[in-house]
Amino acid sequence: MAQRGVQLEKISCSICLDLLKDPVTIPCGHSYCMNCIKDFWDGEDQWRIHRCPQCRKTFRPRPVLEKSIMLTELVEDLKKTILQAAPADHSYSGPEYVACEVCTGRKMKAVKSCLSCPASYCQNHLQPHFDVPGLKKHKLVDPSKKLQEKICSRHEEVMKIFCRTDQQCICYLCTMDEHKGHETVPAATERTEKQKELQVSRQQIQQRIQDQEKDLKLLQQEVEVINVSADKAVEESEKIFTELIHLIQKRSSDVKQQIRSQQETEVSRVKDLQEKLEQEITELKRKDAELEQLLNTEDHNQFLHNYPSLSALSESTHSSSINIHPPYFEDVTAAVSELRDKLEDILRGPSKNIAPTATKADVLPPPSQPTPREYFLKYSVKVTMNPNTAHKHLELSEGNRKVTMTNENQCYLDHPDRFTKRWQVLSKQHLTGRCYWEVEWSGKSVEVAVAYRSIERTGDSAESSFGLNENSWALCCWPTDYAFYCDGNRVDIPYSVSSRVGVYLDYIEGILSFYSIFGPTMILLHKVKTTFTQPLHAGVWLSRSTTNSAEFIKFKKSNN
C-alpha cells in the first residue's frame, strides 16, 4: 500500500493532485496534465512570463507542449494495476463510502464533510481547512451522503435549530420567517433531551429482556415437569394394566397413546410459547442495537431525523406471568385405578371410552374411536343470523350465515331487537339441548359469542357487550392469540390461532366449550360449566374494519 502511494505521487499532477491526464513534460523536466499547465500559463500571459509551478523556473517564449507517450503508457498501466487491486484498497471510495467532491477521475474516500461549504473532502483536499485561517472556523462532521439535508433549502443556511412546534430542524433565518413565534431550541439541546428518553426506552427494553428470559427458563422447566409427569403416569398405568392383563391389554396400549398424545399437545403448547418469547427477545435485542446506534450518531440532524421511527416502543404481546400447573397426568392414574375396580361391569356393557372417566386430564378418545370433531358433528345445527338484531353496519349474506363489517348503513327497518351501538348480531335460532356449530372468521378482531335473548340492545355499555355481563360468553379471536370473556373477566388463551372456531353447547349439563379447529383436529380453548336459565342464541361481534367477517359453516348433514 505504501509503495503504491509513492507510485501515485510520482505520476500525479502537482496542480490538480490527481493522476496525470494527457501528461506533458516542460523544459525543466517537471510533468503536468496538459490542461492544468495550459490553464496555469494562460493566467500568466498578461505578464508574458511562463514559470514552472514547482521549481519556479521561467521560460521565454512559452514552450510548445507535446504529449509524453512514455508517461501516458505508465499512467495507463498503473490505472490497470489499481483497478485490479481496488477491493483491497480502502483509500478509494466505494458505494458504501462518501466520495470526495473535489477529486477528479477516480474519487478518494471522504474523511470529513464540511457543513459550511457544504462539501465532503478526502484527506488531501481537506488540508486547507486546517491551514487556511478562514476555513478553520468551518464545522466539520463525519462524512455524510445526505449533506444537503442539513442545509435549509430556502435560506441555504445550516439547520442548527429544532422547532418543537413543527418537530423539524430549521436554520436561524427560519425563526424570523415561517417559524416566527414557534418554540425553538438548539438542535444539540433537543438531541440531549431525546437521548434521555432513549435511555429510558433502553432500560425498559433491557428489563423486558431480563423478565422474559426468566419466563423462558420457567417454560423450559415446565417442559421437564410435563415429561417427568407423563413418564411417571405411563409407568404406573402399565403396572395397573399388568394386574388385569387378560382383560385390559388393549386398553393399556390405548391409554398409553392417550397420555403421549396429551404430552405432545402440552409440550407443543409450551414450545409455542417458548418460540414466541425467543422471537420477541430477538426483536427487543435488535431494537436495543438500533437505539444504541442512534444514541452514538454524532450528527444532530440525522439523529433527530431517525428518532421518530426508532423511539417508539411497541407493547409486548406476551403476558409476563408464566404459571406451571403440575401434576399433569396423575388424574389419569387415578382414573385407571378406579377403572380397575369397575372394569368387569364396564366391559359387560356397551363399549365405553376412558376419556370421560378422566376428564380432568382432558385425555382424548383412543384412535379406534371417532375423532373429537366427528363426535361433535353429530350434534351440528344450522345457524343463521336474525336481521332484526344486526347493527346497521353489519351486512348479512350467504342466506344470513355470513356477517361482514361495512362503512355504510344497511337498509334495515327499525326494530326493538336491534343492537344500536355495538357491532353485534344474534342468531335466529334459540339453542337448547346439545348443539354444535362452527364459525370461519377473518380480519383483525372477531368475537364468537353465546348470549341470552335478554341481553341489552341499546347503548355501548357493558350490559350490551358480549362477554362483559352475566348474560353472555365470548371468545375474542385475533391473528396471534385468543381471549375468553365472561361477566367482564378476561382469560388469555396462548394456543395457536385457527381461522375456524367450533362451539359445543350442552344446555342440560350446563357446558359451553370453544375449540380451535385444524382440519380433523380440535384443540380445546376454553370450557365453561354453569347453569343456563334462558334459551341461548349464537352471536358475532366484529371490530370496525372492513376486513372483518364471520361465516357460520353449513354442514352437509345436521340435526336441523
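Residues numbered from 1 in each chain as written. Predicted model: local features only at pLDDT ≥ 70, side-chain atom pairs only at ≥ 80, totals over all residues. Heavy atoms only, no water.

1. What to know about the overall build of the protein
Our working definition: Going along the chain from the N terminus, every DSSP run of H or I of four or more residues is numbered as a helix, and every run of E of two or more is numbered as a strand. Note on classification: 1.4 Å probe, protein chains only; a residue is buried when its accessible area is under 20% of the maximum for its type, exposed when over 50%, partly exposed between these limits. Residues count as neighbours in contact if any of their non-hydrogen atoms are within 4.5 Å of one another.
Check the secondary structure of the protein and you find 11 helices and 23 strands. When each of the 560 residues of the protein is scored for burial, the buried share is 42%. Contacts spanning at least 24 positions in sequence make up 59% of the contacts within the protein whose residues lie at least 6 apart.

2. Side note on the side chain of R418
Threshold: In this tally, Asp and Glu contribute negative charge and Lys and Arg positive charge; neither His nor the terminal groups of the chain are included. Every case where a carboxyl oxygen of Asp or Glu lies within 4 Å of a side-chain nitrogen of Lys or Arg is listed as a salt bridge.
Secondary-structure assignment places R418 in the loop between β12 (402-405) and β13 (424-426). One buried charge, R418, has no salt-bridge partner; the nearest side chain with opposite charge is D414, at 5.6 Å. If we skip the residues at most four places from it in the chain, R418 touches P387, N388, T389, A390, H391, K392, Y412, L413 and R457.

3. A short note on the packing of aromatic side chains
Put simply, the rule reads: Note on ring pairs: Phe, Tyr and Trp rings are taken, using the six-membered ring of Trp, and paired if centres are within 6.5 Å. Classes follow the plane angle, with under 30 degrees stacked, over 60 edge-to-face and the rest tilted.
This structure, assessed with the given rule, holds 14 aromatic pairs. With centroids separated by 5.4 Å and ring planes inclined at 70 degrees, the aromatic side chains of Y375 and F376 adopt a geometry described as edge-to-face. For Y375, a relative accessible area of 35% puts it in the partly exposed group. Taking relative accessible area as the criterion, F376 reaches 8% and is therefore assigned buried.

4. Details of the environment of C174
Turning to its location among the elements, C174 is positioned in the loop between β9 (168-170) and β10 (184-186). Distance in space between the C-alpha atoms of C174 and R154 is 8.6 Å, their sequence separation being 20 residues. Among all residues touching C174, those that are not within four sequence positions of it are C152, H155, H179 and K180.

5. Observations concerning the sheet that holds strand β11 (residues 394-397)
Short version of the rule: In this scheme, strands are said to pair when DSSP sees at least two bridges between them. Helix axes are fitted only over the stretch in contact, all axes being lines through C-alpha atoms; the angle between N-to-C directions runs from 0 to 180 degrees.
The strand order across the open sheet built from seven strands is β11-β12-β23-β14-β19-β20-β21, with neighbouring strands paired in antiparallel fashion. The outermost strands of the open sheet, each flanked by one partner alone, are β11 and β21 (521-529). This sheet shows a mean twist of 20 degrees between the axes of neighbouring strands, independent of strand direction. Pairing of strand β14 (residues 434-442) with strand β23 (residues 549-552), which is carried by four bridges, proceeds in the antiparallel orientation. Within β23, the residue paired with V439 across the bridge is F552.

6. Some points on the pattern of salt bridges
Across all of its chains, the model carries 27 salt bridges by this definition. Across the pair R164 and E183 runs a salt bridge, and its minimum N-O distance is 3.2 Å. You can see R164 sitting in the loop between β8 (161-163) and β9 and its partner E183 sitting in the loop between β9 and β10, a full 19 residues away along the chain. Judged by its relative accessible area of 44%, E183 falls in the partly exposed class. In this structure, E283 and R286 form a salt bridge, with 2.2 Å as the shortest nitrogen-oxygen distance. Placement of both E283 and R286 in helix α8 (residues 245-295) is noted, with a separation of three residues, approximately one turn of the helix.

7. Thoughts on the environment of K256
Position of K256 relative to the elements: it lies in helix α8. Taking the C-alpha atoms as reference points, K256 and S237, 19 residues apart in sequence, are found 7.7 Å from one another. Setting aside chain neighbours within four positions, we find K256 in contact with V234 and E238.

8. With respect to the confidence of the model for the protein
For clarity, the threshold we go by: Per-residue confidence from the predictor is reported as pLDDT, which spans 0 to 100.
In this model, the protein carries a mean pLDDT of 82, and residues with pLDDT of at least 70 account for 82%. When pLDDT is averaged over each element of the protein, β13 comes out on top at 97 and helix α1 (residues 2-10) at the bottom at 53. Residue range residues 1-6 is modelled with pLDDT below 50. Its contacts to residues more than four positions away, or to other chains, number five contacts. Under a pLDDT of 50 for its full length, residues 346-371 has, in the predicted model, 39 contacts with residues more than four places off or in other chains.

9. Re the sheet that holds strand β15 (residues 446-452)
For sheets, the rule is that strands pair by backbone hydrogen bonds, running either parallel or antiparallel. Taking strand neighbours across the sheet as the criterion, the six strands line up as β13-β22-β15-β16-β17-β18 in an open arrangement whose pairing is antiparallel. Of all strands in the sheet, those with a lone pairing partner are β13 and β18 (489-493), marking the two edges. On average, adjacent strands in this sheet sit at an angle of 20 degrees to one another, irrespective of strand direction.

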